Amino acid sequence: MDLFFEYDIERLRRYAGVVENTGKITVESYPTHLLLSFTDVGYFNYCVCHEPAKIVDVVGQANAFYGSRSIHHHKLLLDEARSDESQYRFLLENGYRLTERLMAVEDPILQHRSQPIPENLQLERVQAATLPDFTSDYLAAFESEQKNTAPVITNFRQLLDNENIALFRVRDQAEPVGIAVLYGIESDFFLAGGAILPAFRNRGYHTTALVTRLNQANAQNARRIISWAYDGGASYRNMLKVGLVPYKCYRLYER
């Protein structure tokens, strides 16, 4: 299973320990598929089909899973290299529509990158005292419609003592310009959650945050570093710019 799915599973298991989230979070993993749900956060309501040849069964189980939780909208991810037109047609006939292609990328060199990093730019590790500001920046950078930060802060607080997850504020001197996350298990790393505040985009901050995290991971003798982005988006272009290369494409369907 790709590390970015493991990251979501780990986050959900942490969030499930919050009293307010009781009964709202479910993680079910099978050889053929993965099912995630969080009734309060639509992002997490997705199914990953590991075996496209079993798509009929997977779709049936996904619809029952989300329907029983009164979740009326979910996503389904399908590995493009392992699927075919008959499976795409089946999804369309059963109410799914293709909305995005998610490109998984990896670092092919696993070496320190010498791109110059502006001295005034830094990734500041988030602490308990800065968590509220990080949360506000996170929601703004991802242009979330969530206005109540309190439950989000509570969820993010569950990640602060997790040795696998490092939350960062991207700062230009004293000015916060975005956020970034680095997730690692042993020697495998995932560049997660990188986003720049709207007012500071197109200034190279996203690229710099990528290079900084790549160098941090490679300084720890990384065995593998991956990330993902939507095909054709600015994040994906920046990943290619710093030398990451695609290794897999997921077709993202919504229903």
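Our subject is the structure that appears above.
Scoring rules and cut-offs
- Residues numbered from 1 in each chain as written.
- Predicted model: local features only at pLDDT ≥ 70, side-chain atom pairs only at ≥ 80, totals over all residues.
- Heavy atoms only, no water.
- Pairing = 2+ DSSP bridges.
- Helix = DSSP H or I, 4+ residues; strand = E, 2+ residues; numbered from the N terminus.
- Axes fitted to C-alpha atoms, helices over the stretch in contact; angles between N-to-C directions.
- Buried < 20%, exposed > 50% of the residue type's maximum accessible area, 1.4 Å probe, protein only.
- Salt bridge = Lys/Arg side-chain N within 4 Å of Asp/Glu carboxyl O.

### So, the sheet that holds strand β8 (residues 175-185)
An order of β1-β2-β3-β4-β11-β5-β10-β9-β8-β7-β6 is seen for the 11 strands of this open sheet, with the pairing classed as mixed. Each of the sheet's edge strands pairs with one partner strand only, and the pair in question is β1 (25-29) and β6 (121-125). Strand-to-strand twist across the sheet, computed as the mean angle between neighbouring axes with direction ignored, equals 25 degrees. Pairing of β8 with strand β9 (residues 188-196) involves seven bridges; the strand directions are antiparallel. Counted as the bridge partner of Tyr 183 is Phe 190 from β9.

### Structural notes on the pairing of β8
With eight of its 11 residues buried, β8 lies for the most part within the structure. Here strand β7 (residues 165-172) runs beside β8; their pairing, made up of eight bridges, is antiparallel. When the bridges of β8 are listed, Val 170 appears paired with Gly 178. The antiparallel pairing of β7 with β8 creates a hairpin that spans two residues between the two strands, and Gln 173 there sits at a positive phi of about 55 degrees. Between β8 and the antiparallel strand that follows it, β9, lie two residues; Glu 186 among them carries a positive phi value of about 55 degrees.

### Quick notes on the pattern of salt bridges
Following the criterion strictly, the structure yields 14 salt bridges and no others. Lys 248 is paired through a salt bridge with Asp 2; the nearest N and O atoms lie 3.1 Å apart. Of this pair, Lys 248 sits in strand β11 (residues 245-254) while Asp 2 is found in the segment before α1 (3-15), placing the two residues 246 residues apart along the sequence. Residue Asp 2 is classed as buried on the basis of its relative accessible area, which comes to 8%. Across the salt bridge formed by Glu 28 and Arg 69, the nearest N and O atoms sit 3.8 Å from each other. A residue pair is termed long-range when its members are at least 10 positions apart, and Glu 28 in strand β1 and Arg 69 in the loop between α2 (55-67) and β4 (75-79) qualify at 41 residues.

Nothing here speaks to function; it is geometry throughout.
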